[in-house]
Amino acid sequence: MLFNSYIFILIFLPLVLLGWYGLNKLQKYQLAQLFLAGMSLWFYGYFNIYYLLIIVLSILVNYLLSYALQFLPPLQARHIGLAAGVTINLGILFYFKYYDFFIENINYIFRTDFNLKHILLPLGISFFTFQQLSFIIDRCTGKAGHYPFAHYLTFVTFFPQLIAGPIVLYKEMIPQFEALEKRAFSPANFAKGISLFVLGLAKKVLLADVLALATNFGFAQTYFLDAPSTFLVILAYTFQIYFDFSGYSDMAMGLGYMFNIALPVNFRSPYKACSVKELWQRWHMTLSRFFVTYVYIPLGGSKKGKAKMICNTMVIFALSGLWHGANWTYVAWGTMQGLLVVWDNLGIVGVKGCEEKEPARFHIPRWLGWLFTFSFFNLSLFFFRSESMTHAFQMFKNLFSFKNTGYIYKLAATMDIPEFYIFKQAISMFAPNLLNTAYIAVFLLMLAISGFALTRKNTLEIVETSNYRSGFCWYIVFLFLWSFISFSQVSAFIYFNF
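These notes cover the structure that comes with them. Fair warning: this is a prediction, and the values are worked out from it, not measured in the lab. (Residues numbered from 1 in each chain as written. Predicted model: local features only at pLDDT ≥ 70, side-chain atom pairs only at ≥ 80, totals over all residues. Heavy atoms only, no water.)

## Structural notes on the overall build of the protein
No. 1: Summing up its helical and strand segments, the protein has 21 helices and two strands in all.
No. 2: A compact globule built from 498 residues would reach a C-alpha radius of gyration of about 23 Å, and the protein, at 24 Å, matches this within 12%.
No. 3: Principal axes of the C-alpha set define a box for the protein whose edges measure 75 × 55 × 55 Å.
No. 4: Expressed as a percentage of its 498 residues, the buried residues of the protein come to 54%.
No. 5: Summed over its atoms, the accessible surface of the protein is roughly 23000 Å², and 68% of this surface lies on carbon and sulfur atoms. (Helix = DSSP H or I, 4+ residues; strand = E, 2+ residues; numbered from the N terminus. Rg over C-alpha atoms; globule rule 2.2 N^0.38 Å. Buried < 20%, exposed > 50% of the residue type's maximum accessible area, 1.4 Å probe, protein only. Areas by Shrake-Rupley, 256 points an atom, 1.4 Å probe, with all protein chains shown as cover.)

## Regarding helix H14 (residues 328-346)
No. 1: In this model H14 runs 27 Å from its N-terminal to its C-terminal C-alpha over 19 residues, within 8% of the 27 Å that 1.5 Å per residue would give.
No. 2: Those residues of H14 lying buried are Thr-329, Tyr-330, Val-331, Ala-332, Trp-333, Gly-334, Met-336, Gln-337, Gly-338, Leu-340, Val-341 and Val-342.
No. 3: Those residues of H14 that are buried are in contact with helix H11 (276-280), helix H13 (306-324), helix H15 (366-385) and helix H16 (389-399).
No. 4: At the C-terminal side of H14, Gly-347 shows a positive phi close to 70 degrees. (Expected span 1.5 Å × (residues − 1). Contact = heavy atoms within 4.5 Å.)

## Looking at a nonpolar patch on the surface
No. 1: A cluster of nonpolar residues, Tyr-6, Leu-10, Ile-11, Leu-15, Trp-42 and Tyr-46, forms a patch on the protein surface that exposes about 580 Å² of accessible area.
No. 2: Ranked by residue count, the leading element in the nonpolar patch is helix H1 (residues 6-25), at four residues.
No. 3: Looking at the element boundaries, Ile-11 is found in helix H1.
No. 4: When its relative accessible area of 42% is taken as the criterion, Ile-11 is described as partly exposed. (Patch = residues over 30% accessible without salt bridge, like charges linked within 9 Å, V, L, I, M, F, W, Y side chains within 5 Å. Salt bridge = Lys/Arg side-chain N within 4 Å of Asp/Glu carboxyl O.)

## Some details on the nonpolar core
No. 1: Phe-8, Phe-159, Phe-259 and Trp-283 are the most contacted members of the largest nonpolar core, which totals 152 residues.
No. 2: The biggest single contributor to this core is helix H10 (residues 227-258), with 18 residues.
No. 3: Those residues within four positions of Phe-8 in sequence are excluded, and the remaining contacts are Met-1, Leu-2, Phe-3, Leu-13, Pro-14, Phe-43, Phe-159, Phe-197 and Leu-255. (Core = buried A, V, L, I, M, F, W, Y, C linked by side-chain atoms within 4.5 Å.)

## What about unusual backbone geometry?
Glycine aside, residues mostly have negative phi angles, and peptide bonds mostly take the trans form.
No. 1: The residue His-118 is not glycine, and still its phi comes out positive at about 50 degrees.
No. 2: Mapped onto the elements of the fold, His-118 is located in the loop between helix H4 (74-110) and helix H5 (125-140).
No. 3: Positive phi outside glycine occurs at Tyr-468, with the angle close to 55 degrees.
No. 4: Position of Tyr-468 among the secondary structure elements: in the loop between helix H20 (459-465) and helix H21 (470-485).

## Points about the environment of Ala-426
No. 1: Structurally, the position occupied by Ala-426 is in helix H18 (residues 421-430).
No. 2: Judged by its relative accessible area of 33%, Ala-426 falls in the partly exposed class.
No. 3: Placed 382 residues apart in sequence, Ala-426 and Tyr-44 show a C-alpha to C-alpha distance of 45 Å.

## Concerning the pattern of salt bridges
No. 1: Scanning the entire structure with this criterion turns up eight salt bridges.
No. 2: Linking Glu-464 and Lys-192 is a salt bridge whose minimum nitrogen-to-oxygen distance equals 3.8 Å. On the criterion of sequence distance, the pair formed by Glu-464 in helix H20 and Lys-192 in helix H9 (residues 187-220) is long-range, its members being 272 residues apart.
No. 3: A residue is classified by how much of its surface remains accessible, and Lys-192, at 17% relative accessible area, is buried.

## Overview of the packing of H10 against H16
No. 1: Between H10 and H16, the shortest axis-to-axis distance is 7 Å and the interhelical angle comes to 125 degrees. Of the possible angle classes, the one that applies to H10 and H16 is oblique. Mapping the contact onto sequence places Ala-227, Thr-230, Phe-231 and Val-233 in H10 and Met-395, Asn-398 and Leu-399 in H16.
No. 2: Taken together, the residues of the contact of H10 with H16 break down into five nonpolar, two polar and no charged. (Axes fitted to C-alpha atoms, helices over the stretch in contact; angles between N-to-C directions. Parallel < 35°, antiparallel > 145°, perpendicular 65-115°, else oblique. Nonpolar A, V, L, I, M, F, W, Y, C, P; charged D, E, K, R; others polar.)

## Points about the side chain of Ser-40
No. 1: Summarising the element assignment, Ser-40 is placed in helix H2 (residues 29-45).
No. 2: Judged by its relative accessible area of 0%, Ser-40 is buried.
No. 3: At 3.1 Å, the side chain of Ser-40 forms a polar contact with the backbone nitrogen of Phe-159.
No. 4: Non-local contacts of Ser-40, meaning those with residues more than four positions away in its chain, are made with Thr-157, Phe-158, Phe-159 and Leu-162. (Polar contact = N/O pair within 3.5 Å; in protein donor to acceptor, adjacent residues only side chain to side chain.)

## Topic: the packing of aromatic side chains
No. 1: Scanning the model with the defined rule gives 69 aromatic pairs in all.
No. 2: Centroid distance Phe-245 to Phe-267: 5.1 Å. Interplanar angle 90 degrees. Geometry classified as edge-to-face. Taken as a pair, Phe-245 in helix H10 and Phe-267 in the loop between H10 and H11 lie far apart in primary sequence, 22 residues in all. With respect to class, Phe-245 is no different from Phe-267; both count as buried.
No. 3: Pairing Phe-478 with Trp-482 gives two aromatic rings, centres 5.7 Å apart and planes at 50 degrees, and the pair type is tilted. Of the two residues, Phe-478 and Trp-482 both sit in helix H21, four residues apart, roughly one turn of that helix.
No. 4: Trp-482 sits in the partly exposed class, given a relative accessible area of 33%.
No. 5: Against the face of Trp-323 rests Lys-97, its NZ or CZ located 5.4 Å from the ring centre. (Phe/Tyr/Trp six-rings, centres within 6.5 Å; stacked < 30°, edge-to-face > 60°. Lys NZ or Arg CZ within 6 Å of the ring centre and 35° of its normal.)

## Topic: H15
No. 1: Here H15 spans 28 Å end to end across 20 residues, near enough to the 28 Å set by a 1.5 Å rise per residue.
No. 2: Restricting attention to buried positions, one finds in H15 the residues Gly-369, Thr-373, Phe-374, Phe-377, Asn-378, Ser-380, Leu-381, Phe-382, Phe-383 and Phe-384.

## Section: the environment of Phe-158
No. 1: Examined against the element boundaries, Phe-158 turns out to sit in the loop between helix H6 (149-157) and helix H7 (159-162).
No. 2: Judged by its relative accessible area of 0%, Phe-158 falls in the buried class.
No. 3: A C-alpha to C-alpha distance of 5.8 Å links Phe-158 and Ser-40, two positions 118 residues apart in sequence.

## A look at the side chain of Thr-238
No. 1: Along the chain, Thr-238 turns up in helix H10.
No. 2: Within the structure, the side chain of Thr-238 is placed 2.8 Å from the side chain of Asn-378, a separation counted as a polar contact.
No. 3: Not counting chain neighbours up to four residues away, the residues in contact with Thr-238 comprise Tyr-271, Phe-374, Asn-378 and Leu-381.

Structure follows, in structure tokens:
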């Protein structure tokens, strides 16, 4: 079930809100929590009943392991439990997400012919696996206790964050479900939640999905693009992935507030960053937190010299790339990010106005740091979006060929959106020769609107500084109605694939 769908907004969300607050009003707290978990499982199983079996099995196995740890001495719990927890969770993730990738590479290297299983990737498996893995690791190291099953079940399945994050921790979620004061309806939180949800919905439906028309077409026509069209395709994708994931994060936080549950911030205007290191402190913040806490620090972090810091940084970014998908393109993308972060950490060149632990030898203006960061991130997305390394290198070749074959007109023609229909009909009647130019104007306008939106306050800042006067409320209503009408172009979120 998608947040941007009629069934979610008209049926699922009203039902789950009425059930949650109704049962809590009757002081049926345990039943209310089980109801919320059950509805969350319906939300997840709506995509495919097969997915439901996998997540339930994963939850039961991890909960039983947590229960069994109570009967082991601390040292055995730390070693046996940790080995079992990591093996089970990463084993499940490996089988469903990486098995075919592993076999493909074995066949290529050793010239073997092992059969691929073509396993259907369960939605959100990387998210709920890492979420449970963080709990099990803390449980084995004595940082977490054992919780009642209803609390654990709701912690894992709470539907706003189930499919595409944020990757929440037990210590920031379970105490909220335990707090009875959060079971009462809060008009202030509900208004904040609706505002966040609608603004995130508008990002997804009105910006990301429209830009997706051009990016999907462009990356499907890799060998035909010229330099201008390649440049516009990657710029469109840069904006698309931002508004898609940022929109989802806003909607997830908004839904959380509707239930009086505060989810962690996962996005904080990353495209305003003036260094790649700062960008990764703002983009998918909970994934970065997981890798820093459970991989980077245990490996020694930056406390054992620069050589070790460089090695550890490259490891977590390569793993971050692989986390996003079973393809060498993602590894290349992660490695490129790691190299740029290492460069920032070396402190050779600093950016004026950016926080730095150590003074840099040279400093550049903030605008130049931003330009380098934004440009390099754009280029790295060739790897992230391309279906193969060959296609990614072809996109680089297209961009730096400096050829203009006029393919930009075919690319721009994908901007045949409903909002443009009346203008298109008028142009077709009175000036048909200008139709291609008009499509280009629409495409450039969408990019300009996207770029302008990135320079403004982010969604959370807008909502927190709003006084909910009539003007803001009508603005939210307008955006909701416009987005709601546009559901005919409904599409899944990009991060559902991870």
